[in-house]
Amino acid sequence: MYDIGVVNYVILAVLLCAAGVIVFLGLRDNLRRIAPGRAPFADIHSVADAIGRINWPSFFKRGLLLSRLFKRPASGIAHALLFFGALFEIFGHGLYGLSFIGVPVYSGRFGFIVMELGREIAGLAMLLGILFMLVRRAVPPERLTVGKARRGFIAMEILLLAILLAGFVAEGVRLAQPGAASAGEFLGSAIAGGFDQLSLALGGRSYLVMWWFHGLLGLAFIVLITRTPMSHMLLGPINSALANRRDGVSVPPIDFEADEPVLGAQKLSDLPFKSRLDFDACLWCGRCHEVCPAAQTGKPLSPKKIMLTCAEFQAEGREDDTSIVDALGVEALFSCTSCGACVEECPVSNNPAEVILHFRRQLVMGRSEMPEVMATANRNLESRCHPFVGTSANRDDWRRGLDVPFFEPGKTEYLLWIGCSVAFEERAQRIARALMQVLNAAGVSWGILEETRCSGDPAKVMGNELLFVELAQGNIEEFNEAKVTKVITMCPHSFNSFSRYYPELGGKWETIPHSVLIDRLIREGRLNLRRDAMQKITFHDPCYLARHNGIEHEPRSVVAAVGELVEMPRHGKDSFCCGGGGGSYWSREGGTARISDVRVTEALGTGANRIATSCPICLLMLSASAGKQTEEPKVFDLAELVAEAISDASPRSPITIQ
């Protein structure tokens, strides 16, 4: 007979437990190496506290269901075949042990569907998955080799292939023995024909030998997991469990009241634990490189190179080596637009953008290093509370000739935040005028502050956290004095700062982007619009709305209310940046192409008559690029399109946009 016997099964179970202990110790050593001299979870005081810290949706969707892998369908399917096939095989092997206590797991329909046919299909799925991986390693896409390819994967993939082949051979030897039969194990039955003579010569030992060979190969794979790149199978889900609950980039505040405040990251040991875990979890797969607007337009930055350089420093024990900043490259660090595409794309929830911003803080506040144009904008922020150097516009130019109400505490419902780009850039001023018309037409109670200033976002993303805190505290104080409870923003960067960072400094009010408010007004029937079905409009998602804050549906609903929505290939959370974020609006853009030029070409390629957006920075960047291709105005803010479509039946008379 082909029964391996309870003794062999128990011995294997003991060895599996030992392998599990080795994996646990290896994982513990990894975590200790990431945070030497300090317990990474020392601030967790109870099981309930630990459970509360976990980002469960991220853990299940990205860590267990591999959701982000499917953005590359072939790779996603291959990983799924391997992962879920392995889970099913482990489940089946575990059930086999029940046969030793009299449970007939191989009998009846369950035995046929699960133990025979199901496990056979699972094994074939794993085989297909690993063959895809090996072929891809032999003929890799550029993203796998840019910077450098990670060593160790091929050897482990060959070992996994050997485990699978050994398993099918062991199955064939078992089914070749007298009295053995299986209706569901079709591949094993086919293999069995070649082992008839061998099985007769060796008797039952042939199956036992192959069974142990298969089992020992599996044990070797398990033992090597934490010592090879296969550690991502464990670190990936853990990293996803520790991911930010909010989309995008969330750089923690600096305690400037401390005796020696840490001004960003001068070395790896200055980074938060999650960032350092990112380096170990990183696969060097290059997906971040493929979606990075800077990398794809010839800039010095590659998020993959940032991560692999940090990973190599960490692996070499150079946590306190201050040369890391220069190894990464100052120019590369300041090429980041903080768009968050790398964050959205990473299958194991890494956040390269946060790492970059930590190092920027050190460059700006610790070393006083900044690109020339950015530095000029930064100085203007310090002296004039806005970064638009050389502008000919005054703070109140946008409302000249208009009856604009001021915010009255206790009477006005919404504060309309003007911000800096709308006030000081002539093209962006039209957004405020159009939105004013929309709000009046809908009968919204709104008003502005007497003085316009910046939210501080440019300072924060450039790396000047101290200046951001000063600007934010001034705004918070003024908002609190005016008893502001609801704020409308036209700039997603202001929305992001108000809703993400201001609460940490004591600013607590409801903030709503103007695109979301307009959509709400349309759905409530407070705006009557003339829809032009012949007008094709494509919508450019601002990074700080879609990727950083998950706002995708509302702007599209507004577009659909005034014309026909035509999507670009890259849209929603997969949108391509305009090139103006991260302080890059105030930079001399190098590389092989301007990011905004690439985006406008993609937008016009849809055949749309107009390009809509809902961010003044995007509007300015895209308008400049569109002007190179056509003299006809092509780029508009949603507020402009809605103001143009307001019918005479709306509650208030429209105001002429000047």
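Residues numbered from 1 in each chain as written. Predicted model: local features only at pLDDT ≥ 70, side-chain atom pairs only at ≥ 80, totals over all residues. Heavy atoms only, no water.

A. Main features of the overall build of the chain. Along the backbone of the chain there are 30 helices and eight strands. Considering only C-alpha atoms, the chain reaches an extent of 100 × 60 × 50 Å along its principal axes. Within the chain, residue pairs in contact and separated by at least 24 positions form 80% of the contacts whose partners lie at least 6 positions apart. Of the accessible surface of the chain, which amounts to about 27,800 Å², a share of 58% is contributed by carbon and sulfur atoms. (Helix = DSSP H or I, 4+ residues; strand = E, 2+ residues; numbered from the N terminus. Contact = heavy atoms within 4.5 Å. Areas by Shrake-Rupley, 256 points an atom, 1.4 Å probe, with all protein chains shown as cover.)

B. Representation of the packing of helix α21 (residues 426–442) against helix α30 (residues 638–645) within the structure. Where α21 meets α30, the axes come as close as 8 Å, and the angle between the chain directions of the two elements is 45 degrees. In this view, α21 runs oblique relative to α30, as classed from their interaxial angle. Considering how the two elements wind past one another, α21 and α30 form a crossing that is left-handed. Contacts between α21 and α30 involve R427, R430, I431, A434, L435, Q437 and V438 from the first element and A639, E640, V642 and A643 from the second. When grouped by side-chain class, the residues that make up the contact of α21 with α30 number seven nonpolar, one polar and three charged. (Axes fitted to C-alpha atoms, helices over the stretch in contact; angles between N-to-C directions. Parallel < 35°, antiparallel > 145°, perpendicular 65-115°, else oblique. Left-handed = near helix turned anticlockwise from the far one by under 90°. Nonpolar A, V, L, I, M, F, W, Y, C, P; charged D, E, K, R; others polar.)

C. Geometry of the environment of H214. Along the chain, H214 falls in helix α10 (residues 205–224). Other than its neighbours up to four places away in sequence, H214 contacts H93, I163, A166 and G167.

D. Examining the side chain of E89 more closely. By secondary structure assignment, the location of E89 is in helix α4 (residues 73–96). Given a relative accessible area of 15%, E89 falls into the buried group. E89 has contacts with R119, A122, G123 and M126, leaving out every residue within four places of it along the chain. (Buried < 20%, exposed > 50% of the residue type's maximum accessible area, 1.4 Å probe, protein only.)

E. Expanded view of a nonpolar patch on the surface. Taken together, V6, V7, V10, I11, V14, L15 and L216 make up a surface patch of nonpolar side chains, about 580 Å² in accessible area. In terms of residues, the nonpolar patch owes the most to one element, helix α1 (residues 6–34), which gives six residues. Note on placement: L216 falls in helix α10. (Patch = residues over 30% accessible without salt bridge, like charges linked within 9 Å, V, L, I, M, F, W, Y side chains within 5 Å. Salt bridge = Lys/Arg side-chain N within 4 Å of Asp/Glu carboxyl O.)

F. Structural context of the pairing of strand β5 (residues 536–539). Pairing of β5 with strand β6 (residues 564–565), which is carried by two bridges, proceeds in the parallel orientation. Of the residues in β6, the one forming a bridge with K536 is E564. In the sheet, β5 pairs with strand β7 (residues 610–613) via three bridges, with the strands oriented parallel. Along β7, the bridge assignment pairs F539 with A612. (Pairing = 2+ DSSP bridges.)

G. Highlighting the sheet that holds β7. Ordered by their spatial adjacency, four strands build an open sheet running β6-β5-β7-β8, and the pairing between neighbours is parallel. Taken across any chain shown, the strands that pair with only one partner, and hence form the sheet edges, are β6 and β8 (635–637).

H. Fine view of the side chain of R62. For R62, the position within the fold is in helix α3 (residues 56–64). For the buried residue R62, which engages in no salt bridge, the nearest side chain bearing the opposite charge is D247, 4.7 Å off. Within the local environment of R62, its side chain forms a polar contact with the side chain of S349, the two groups lying 3.0 Å apart. Apart from the residues lying within four places of it in its own chain, the contact partners of R62 are P57, S67, R68, S240, A243, P347 and S349. (Lys, Arg positive; Asp, Glu negative; His and termini not counted. Polar contact = N/O pair within 3.5 Å; in protein donor to acceptor, adjacent residues only side chain to side chain.)

I. Examining the packing of aromatic side chains more closely. Using the criterion set out here, one finds 22 aromatic pairs in the structure. On the basis of an interplanar angle of 85 degrees and a centroid distance of 5.1 Å, the ring pair of W211 and W212 is categorised as edge-to-face. Positioned above the aromatic ring of W284, the side-chain terminus of R150 is 5.7 Å from the ring centre. Geometry around F636 places R610 over its ring, the cationic atom sitting 4.5 Å from the centre. (Phe/Tyr/Trp six-rings, centres within 6.5 Å; stacked < 30°, edge-to-face > 60°. Lys NZ or Arg CZ within 6 Å of the ring centre and 35° of its normal.)

J. Layout of the environment of E644. Here E644 is to be found in helix α30. For the pair E644 and L529, spaced 115 residues apart in sequence, the C-alpha separation works out to 8.7 Å. Ignoring sequence-local partners within four residues, the contact set of E644 consists of R530, Q535 and R610.

K. Inspection of helix α29 (residues 616–626) at higher detail. Along α29, nine of the 11 residues are buried, which leaves the element largely enclosed by surrounding structure. For α29, every residue scored as buried is listed here: P616, I617, C618, L619, L620, M621, L622, S625 and A626.

L. View of the sheet that holds strand β1 (residues 414–417). What the four strands build is an open sheet, ordered β2-β1-β3-β4; its pairing is parallel. Each edge of the open sheet is held by one strand with a lone partner, namely β2 (446–447) and β4 (510–513).

M. Region of the structure containing the confidence of the model for the chain. Taken residue by residue, the chain gives an average pLDDT of 92. The fraction at 70 or more is 95%. For the stretch residues 652–658, pLDDT sits under 50, and the model shows 18 contacts to residues farther than four places along the chain or on other chains. (pLDDT = per-residue confidence, 0-100.)

N. A look at unusual backbone geometry. Positive phi is not limited to glycine here, since S338 has a value of about 55 degrees. Summarising the element assignment, S338 is placed in the loop between α16 (330–333) and α17 (341–345). By relative accessible area, S338 is classed as buried at 1%. Backbone geometry at S349 places phi at a positive 65 degrees, although glycine is not the residue there.

O. Local environment of α21. For α21, which comprises 17 residues, the first-to-last C-alpha distance of 26 Å matches the rise-based estimate of 24 Å (1.5 Å per residue) to within 8%. Taken across its 17 residues, α21 has 15 buried, putting it largely inside the fold. Downstream of α21 by one or two residues, G443 has phi in the positive range, about 75 degrees. (Expected span 1.5 Å × (residues − 1).)

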